[in-house]
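# Structural overview for review
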Amino acid sequence: MRHLQEKLSIARGERPAERLFKDANLINVLSGEIYRASVAVDDGRVIGLGDYEAKEVIELKGAYLAPSLIDGHFHVESSMLTAAEFVRAVVPHGTGAMVIDPHEYANVLGLDGIRYVLESSKDLPVDFFIMLPSCVPATPFETAGARITADDLRLMIADERVAGVAELMNYPGVYLGDESELAKIHAGKGKNVDGHAPGLRGRNLNAYVLAGVRSDHESTELEEAKEKLRLGLHVLLREGSTERNLETLVPLVNQHNAVNCSFATDDKLAGDLVSEGHIDHCVRKAIKLGLPPITALQIATIHTARHYRLRNFGAIAPRYWADFVVFDDLEKFSVRQTYKKGVLVGENGKYLAHQPAPVPLPRSTMNLRYNAPGDLEVRIDQKDGNRSIRVIEIVPNQIVTRGRVEKPRTEDSRIVPDIERDILKLVVVERHRSTGNVGVAFVRGFKLKTGAIGSTVAHDAHNVVAAGTNDADIRRAIEELQRMQGGQVAVRDGQVLAELPLPVAGLVSDRPLDEVIKRIDELNAAARSLGCTLEAPFMTLSFLSLSPIPELKLTDQGLIDAVNMKPTELLV
């Protein structure tokens, strides 16, 4: 700590503090109390609690003062915003720190992607702590833009802003003792190792925990989360744009086990961050679901800080950073002001911090090679005319899918979309290495009546993905994505209805927050005009290639049985 002697003198009351937050209803997340107190701040840190002389006095008049909020697991890329624009969305909602996994950047750009995140997230009114991506590629069943090994993790693990190793998505590899997976866990020794084990139970879960994994954010059922908590995993209660698990999991939490829980948003769109909120939304919803306000705030602050070893974050006490939120109603929890190191950076929904200098963008990542229309077609031999096909079925508001078997519609020895039964074509084109890989399958749940939608955000390898009612519009969507050097697009009858260019690794826009939100709204409106009824159609589309998540997914290498972690055939 710099200027320690000066701070000690201020703490002893021998000289005035820089700033005094006077007469607050202090939320003390360390003692679990709420009481009247004043807080002295100097050089960005809390100096002491009590009556102090100060150069500036901020009269709170009984308003609540709590530590600013911490997200325990998030992919900034999912907002499609640069870090500098992302903080404009979340700071007014009280966010002060983030534990992020630049998994998407790493899948596209490798270590250069992680370095870009470290550089672009500096000197902002949110502290970003990086978990090093552990699964690049996430599985062997997709073609990513890079490969990261345990040796690569060791190169960066000592960085003070690196909090550990990110989610171990190859959970079968972990519990089966795959040496490459265990080496990644060992690379994180001394720091945190995050888990990712959807639906994992029983003896295999025991083995997963035994290997050294410390947390999990993939629980979608109460009993699943309870078993993980009992075995010592820190359970992150997830509430994102599509993965909304909080209502199911809040009954798990009580005053005895809350210390082992955090809030996480994982993936959340820019518009949702602004309109619904960030971790403040999790706090509000948890309180509404019956969690005591002080417990909800502990989960949103100190419990997350301590789990991830974020020193001097997550509480209001001497030596801690002066990262505060001010609000007026404990039950409604609407953040009025946000302070970073004692400086006002957000008020009444407005972002007040300065804009940092721009960071150079990384290289282009759009390297497609495919043959149209041939690569987009599914031919069927006469002898297979009576066979069925596997269909990916979307589960609304979840990233899991269901695998169904249906009779296909055919024309001229080709399997084609069946709009009346909501069976559309799904295409994935590899974009990193110009391999020529194209995966084609069918999906139910979009309910498009015409046209196509496409995206270069396609977890986890982030190849080009498109779904549509006809090959011509699917092809047009892919061509437009290539022209934009990445993005999202909606097409009908060969015409682009709406689009969002994402030139930063094909994942993130270089445009301001308000423009990104406007274009996302236009994309969603365009999808609705095509017949789609999903709340977040493009985010749903982006998860249909996520091969580590059950049940059935499509990558550039074909259909993947994500339960048994193996390729499978379209025809049954």
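Here the structure is shown first, and the text comes after it.
Everything numeric here is computed off the predicted structure, so don't read it as measured data.

Rules of the game
Throughout, a residue's number is its position along its own chain's written sequence, starting from 1. Residue-level local features of this predicted model are given only where pLDDT is at least 70; pairs of side-chain atoms are given and counted only at 80 or more, and the full residue set underlies all totals for whole chains, interfaces and linings. As a rule here, side-chain values come from all non-hydrogen atoms in the structure, and water together with hydrogens is ignored. Secondary structure elements follow DSSP: runs of H or I no shorter than four residues count as helices, runs of E no shorter than two count as strands, and numbering proceeds from the N terminus. The globule rule used here is 2.2 Å times the number of residues to the 0.38 power, and the radius of gyration it is set against is calculated over C-alpha atoms. Only protein chains enter the accessibility calculation, which uses a 1.4 Å probe; a residue is then buried when its area is under 20% of its type maximum, exposed when over 50%, and partly exposed in between. All accessibility values rest on the Shrake-Rupley procedure with a 1.4 Å probe; residue burial counts only the protein chains present in the view. His is not counted, nor are the chain ends; Lys and Arg add positive charge and Asp and Glu add negative charge. The atoms used to mark charge sites are NZ of Lys, CZ of Arg, CG of Asp and CD of Glu. In what follows, a contact means two residues having at least one pair of non-hydrogen atoms within 4.5 Å. A side-chain nitrogen of Lys or Arg and a carboxyl oxygen of Asp or Glu constitute a salt bridge if their distance falls within 4 Å. Note on pairing: two strands pair once DSSP finds at least 2 bridges between them. Take the buried Ala, Val, Leu, Ile, Met, Phe, Trp, Tyr and Cys residues and link them wherever side-chain atoms come within 4.5 Å; each set so joined is a nonpolar core. Boundaries between domains were set according to an automatic or database domain assignment. Counted as a polar contact is a pair of N or O atoms within 3.5 Å, where, for protein atoms, one must be capable of donating a hydrogen and the other of accepting one, and residues adjacent in sequence contribute only when both atoms are in side chains. With the strands pointing away from the viewer, any crossover whose connection runs clockwise from the first strand over the helix to the second is right-handed.

## Considering the overall build of the chain
Along the backbone of the chain there are 17 helices and 30 strands. Relative to the compact-globule value of 25 Å for 572 residues, the chain shows a C-alpha radius of gyration of 24 Å, a close match. Expressed along its principal axes, the backbone C-alpha trace of the chain runs to roughly 90 × 50 × 45 Å. Burial status across the chain gives 63% buried among its 572 residues. A total of about 21,600 Å² of accessible surface is found on the chain, and carbon and sulfur atoms cover 46% of it. The distance from the centre of the 68 positive side-chain charges to the centre of the 78 negative ones in the chain is 1 Å.

## Considerations on the environment of isoleucine 34
Relative to the helices and strands, isoleucine 34 is located in strand β2 (residues 33-42). Among the residues examined, isoleucine 34 registers a relative accessible area of 37% and is labelled partly exposed. Taking the C-alpha atoms as reference points, isoleucine 34 and isoleucine 423, separated by 389 residues in sequence, lie 55 Å from one another. Those residues in contact with isoleucine 34, other than ones at most four positions away along the chain, are Asn25, Leu26, Ile27, Tyr64, Ile294 and Leu330.

## Some remarks on the pattern of salt bridges
As enumerated under the stated definition, the model contains 41 salt bridges in all. A salt bridge links arginine 154 to aspartate 151; the nearest nitrogen and oxygen atoms lie 2.5 Å apart. Of this pair, arginine 154 and aspartate 151 both sit in helix α5 (residues 150-156), three residues apart, which is roughly one turn of that helix. Its relative accessible area of 53% is what places aspartate 151 among the exposed residues. Arginine 421 is paired through a salt bridge with glutamate 406; the nearest N and O atoms lie 3.6 Å apart. Here arginine 421 is found in the loop between β21 (414-416) and β22 (423-429), whereas its partner glutamate 406 is found in strand β19 (residues 401-406), with 15 residues between them in sequence. For arginine 421, a relative accessible area of 32% gives the class partly exposed. Glutamate 406 sits in the buried class, given a relative accessible area of 18%.

## Observations concerning the sheet that holds strand β29 (residues 558-561)
Pairing between the strands of a sheet is mediated by backbone hydrogen bonds and can be parallel or antiparallel. Ordered by their spatial adjacency, three strands build an open sheet running β28-β29-β30, and the pairing between neighbours is antiparallel. Bordering the open sheet on either side are β28 (552-555) and β30 (566-567), each of which pairs with just one other strand.

## Focus on the nonpolar core
Within the largest apolar cluster, 129 residues are counted, with the highest numbers of intra-cluster contacts made by Phe86, Phe128, Phe446 and Ile478. No other element matches the seven residues that helix α16 (residues 513-529) contributes to this core. Three or more residues apiece are contributed to this core by two domains, here domain 2 (68-313) and domain 3 (374-567). Once you skip the residues sitting within four places of it in the chain, phenylalanine 86 turns out to touch Phe74, Val76, Ser79, Leu81, Met98, Phe128, Leu273 and His278.

## Some points on the side chain of glutamate 430
On the secondary structure map, glutamate 430 appears in the loop between β22 and β23 (438-444). Here histidine 432 takes part through its backbone nitrogen, which lies 2.5 Å from a polar atom of the side chain of glutamate 430. For glutamate 430, the side chain forms a polar contact with the main-chain nitrogen of serine 434, separated by 3.1 Å. Setting aside residues up to four positions removed in sequence, glutamate 430 forms contacts with Thr143, Asn367, Leu368, Thr435, Gly436, Asn437, Asn463 and Asp556.

## Observations concerning the pairing of strand β7 (residues 95-100)
On a regular strand, each side chain points to the face opposite its neighbour's, so the side chains alternate between the two faces of the sheet. With respect to burial, β7 is a largely interior element, six of its six residues being buried. In the sheet, strand β6 (residues 69-74) pairs with β7 via four bridges, with the strands oriented parallel. By the bridge assignment, phenylalanine 74 is partnered in β7 with isoleucine 100. Tracing the backbone out of β6, into helix α2 (residues 83-90) and back to the parallel element β7 gives a crossover that is right-handed. When β7 meets strand β8 (residues 127-132), the two strands line up parallel, connected through four bridges. Each bridged residue has a counterpart across the sheet, and for methionine 98 the counterpart in β8 is phenylalanine 128.

## A short note on unusual backbone geometry
Here valine 136 and proline 137 are connected by a cis peptide whose omega angle stands at 0 degrees. Checked against the element boundaries, proline 137 lands in the loop between β8 and α5. Residue proline 373 follows alanine 372 across a cis peptide bond; omega there is 5 degrees. You can see proline 373 is positioned in the loop between β17 (350-351) and β18 (389-394). One non-glycine residue, aspartate 43, lies in positive phi territory at about 55 degrees. Inspection of the secondary structure puts aspartate 43 in the loop between β2 and β3 (45-49). At aspartate 493, a position not held by glycine, the phi torsion is positive, near 50 degrees.

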